[in-house]
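Now for the letters of each chain:
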Amino acid sequence: MTNNDIAQKGQQYVMNTYGRFPIAPVRGKGSYLWDADGKQYLDFVGGIAVCILGHCNDELIKALEVQSQQLWHVSNLYWIQPQVEAAEKLVRESGLDKVFFCNSGAEANEAAIKLARKYFYRKQEAFRNEIIVFKDSFHGRTLATVTATGQTKYQEGFAPLPGGFVHAEFNNLASVERLVNANTCAVLVEPVQGEGGIKPADPSFLIGLRKLCDQAGILLIFDEVQCGMGRTGSLFAFQHYGIKPDIITLAKGLGGGFPIGAMVANEKASSGFAPGDHASTFGGNLLATAAANQVLDILCTGNFMQQVIESSEYLKNELDKIIDHRIIETRGKGFMLGMEFNCEVKGLINICLQKGLLLVGAGPNVLRFVPPLTVNEAEINQAVDLLKEALKEWKI
Ligand SMILES: *Cc1c(COP(=O)(O)O)cnc(C)c1O
């Protein structure tokens, strides 16, 4: 089947929820993808910050092969060895205490919302159920997480939305202070806003949130679904700021392309859940956690993270050298970079695709760079050259 065959069948049979590019990648290796017509692409989307080890990483293939011959799935009625091991690694690396596994970012955030409320319910303070979230945030597409999301375009038409979410201004501590009241149970924030346009939080803002939450006796939740798992140059984004949230949520990169999500919490917050309070049939499944174990082993071994810091600095420097009057700024952290333009970037993304470079936007005016963490300097040079060529052709 060609790209066209697949796209046509897709339009007939697959529900119309995505505006898709007219290609169907069928094979991948490292930072490269090939579509059904045999065309090669340099992939700076990586499944949107998912394929952190590149495509078809040999060690990840091996880990899944070995696990797939042993056992695929049992219920969480039983202990699951690779799940226990993945939890141990996440606890060891985060300095938090307990892990709940699920299958996606939205589910991880749902779990965090439920845990925050149940924590106060168990303390006989069920009235504390309001969560402070932020404008331009993104937390997922379930009804609760889409309500937490601070962008009305994702909420339109889905009323009635669940209650208990109030929106403050990102990077504006005073706007949070104004919203804290006797009913507040938690603050939920992305350390680097992703879908909202690659906007890093000011260190003073996150440190201020930690202080504010401590003073008010409420929980601080970091949504690290996109910015976690090595993306920003440390395994978890919170590790840049010398503070610890009570709860973090993970997904995207955690399985290196295998679907898995997780909520990691400290002992205090974790005490909110008891058997029966929350569950997921597939959460922490053997195959998924076998993948996560391998991903964590690779990220936590040798100089992997040092390499991410160096190569992401190289990419940032190369992007900063690009001169084009439409560029406003390039910002972000590690391999989570955004180039903001004074106009929409859709046309530019299409030209890049034709030239064999995959990129994705983050909001209408921001070009996002979330390549595999394993991308090398030669590939970065190639991507920057293709982007420069595309900018020359791009008329707006
Ligand atoms: C992608 C994303 C989500 C949602 O993850 P899904 O796996 O699509 O449910 C939540 N939060 C952030 C910050 C994200 O980037």
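Calculation rules
Residues numbered from 1 in each chain as written. Predicted model: local features only at pLDDT ≥ 70, side-chain atom pairs only at ≥ 80, totals over all residues. Heavy atoms only, no water. Helix = DSSP H or I, 4+ residues; strand = E, 2+ residues; numbered from the N terminus. Rg over C-alpha atoms; globule rule 2.2 N^0.38 Å. Areas by Shrake-Rupley, 256 points an atom, 1.4 Å probe, with all protein chains shown as cover. Lys, Arg positive; Asp, Glu negative; His and termini not counted. Charge placed at Lys NZ, Arg CZ, Asp CG, Glu CD. Disulfide = S-S within 2.5 Å. Near = heavy atom within 4 Å. Polar contact = N/O pair within 3.5 Å; in protein donor to acceptor, adjacent residues only side chain to side chain. Nonpolar A, V, L, I, M, F, W, Y, C, P; charged D, E, K, R; others polar. Pairing = 2+ DSSP bridges. Axes fitted to C-alpha atoms, helices over the stretch in contact; angles between N-to-C directions. Contact = heavy atoms within 4.5 Å. Patch = residues over 30% accessible without salt bridge, like charges linked within 9 Å, V, L, I, M, F, W, Y side chains within 5 Å. Salt bridge = Lys/Arg side-chain N within 4 Å of Asp/Glu carboxyl O. Buried < 20%, exposed > 50% of the residue type's maximum accessible area, 1.4 Å probe, protein only. 1 Å grid on protein atoms, 1.4 Å probe; cavity = no way out; pocket = protein on both sides within 12 Å on 5 of 7 lines; lining within 4 Å. Points joined across faces, edges and corners; volume = space filled by probe spheres on them. Phe/Tyr/Trp six-rings, centres within 6.5 Å; stacked < 30°, edge-to-face > 60°. Lys NZ or Arg CZ within 6 Å of the ring centre and 35° of its normal.

**Structural notes on the overall build of the chain**
- Across its full length, the chain holds 13 helices and 17 strands.
- Here the C-alpha atoms of the chain give a radius of gyration of 21 Å, agreeing with the 21 Å that 2.2 N^0.38 yields for 396 residues.
- If you line up the chain on its principal axes, its C-alpha atoms span 60 × 50 × 45 Å.
- Accessible surface for the chain amounts to roughly 17800 Å². Of this, 53% is attributable to carbon and sulfur atoms.
- Across the chain, the centroid of the 37 positively charged side chains sits 3 Å from that of the 42 negatively charged ones.

**Points about the state of the cysteines**
- Enumeration according to the criterion identifies zero disulfides in this entry.
- Not engaged in a disulfide, the cysteine Cys300 finds its nearest cysteine sulfur in Cys227; these two sulfurs lie 16 Å apart.

**Brief notes about the site of the ligand**
- In the vicinity of the ligand, the residues found are Ser104, Gly105, Ala106, Asn109, Phe138, His139, Gly140, Glu190, Asp223, Val225, Gln226 and Lys252.
- Within the backbone of Gly105, one N or O atom sits 2.8 Å away from an oxygen atom of the ligand.
- One of the side-chain N or O atoms of Gln226 is found 2.8 Å from an oxygen atom in the ligand.
- For the shell around the ligand, the element with the highest residue contribution is helix H5 (residues 105-122), accounting for three residues.
- Looking at the shell around the ligand residue by residue, the classes come out as three nonpolar, six polar and three charged.

**Concerning the pairing of strand E1 (residues 25-29)**
- Pairing of E1 with strand E2 (residues 32-35), which is carried by four bridges, proceeds in the antiparallel orientation. Within E2, the residue paired with Arg27 across the bridge is Trp34.
- A loop of two residues connects E1 with E2, the two strands running antiparallel in sequence, and Gly30 in this loop sits at a positive phi of about 60°.

**Some words on the sheet that holds strand E12 (residues 261-265)**
- Strands sit in the order E4-E12-E11-E10-E7-E5-E6 across an open sheet of seven strands; the sheet is mixed. Only two strands of the sheet have a single neighbouring strand rather than two, namely strand E4 (98-102) and strand E6 (165-168). Across the sheet, the mean angle separating the axes of adjacent strands is 20° when strand polarity is ignored.
- Where strand E11 (residues 247-250) meets E12, four bridges bridge the pair, whose relative direction is antiparallel. The residue bridging Ile248 from the neighbouring strand is Val264, located in E12.

**Describing the environment of Ala291**
- With respect to the helices and strands, the residue Ala291 is situated in helix H10 (residues 286-299).
- With near-sequence residues (within four places) excluded, Ala291 lies in contact with Leu60, Leu64, Gly255 and Phe258.

**What about a nonpolar patch on the surface?**
- Among the surface-exposed residues, Leu143, Phe158 and Leu161 lie close enough to one another that they form a single nonpolar patch of about 260 Å² accessible area.
- Examined against the element boundaries, Leu143 turns out to sit in helix H6 (residues 143-148).
- Overall, Leu143 belongs to the partly exposed group, its relative accessible area being 45%.

**Quick look at empty space enclosed by the protein**
- For the structure shown, the criterion picks out one cavity of 30 Å³ or more.
- Lining the largest cavity, in full, are Phe44, Leu315, Leu319, Leu357, Leu359, Phe369, Ala383, Val384 and Leu387.
- Of all the elements in the fold, those that place two or more residues in the lining of the largest cavity are helix H11 (304-321) and helix H13 (377-393).
- In terms of residue count, H13 provides more of the lining of the largest cavity than any other element does, three residues in total.
- Of the residues contributing to the lining of the largest cavity, the split by class is nine nonpolar, no polar and no charged.

**A closer look at the packing of aromatic side chains**
- According to the stated counting rule, one finds eight aromatic pairs in the structure shown.
- Considering the side-chain rings of Phe134 and Phe205, the 5.5 Å spacing of their centres and the 80° angle between planes classify their relative orientation as edge-to-face. Residue Phe134 is located in strand E5 (residues 130-134), and its partner Phe205 is located in helix H8 (residues 203-216); the two are separated by 71 residues in the primary sequence. For the residue pair Phe134 and Phe205, the accessibility class agrees, reading buried in each case.
- Judged by centre distance (5.4 Å) and plane angle (80°), the rings of Phe341 and Trp394 are edge-to-face. In this pair, Phe341 is assigned in strand E14 (residues 336-341) and Trp394 in the segment after H13, connecting sequence segments 53 residues apart. Trp394 shares its class with Phe341; the two are buried.
- Among the aromatic residues, those joined into a ring-pair cluster are Phe134, Phe170 and Phe205.
- The ring of Trp34 has Arg27 lying over it, and the distance from NZ or CZ to the ring centre is 4.3 Å.

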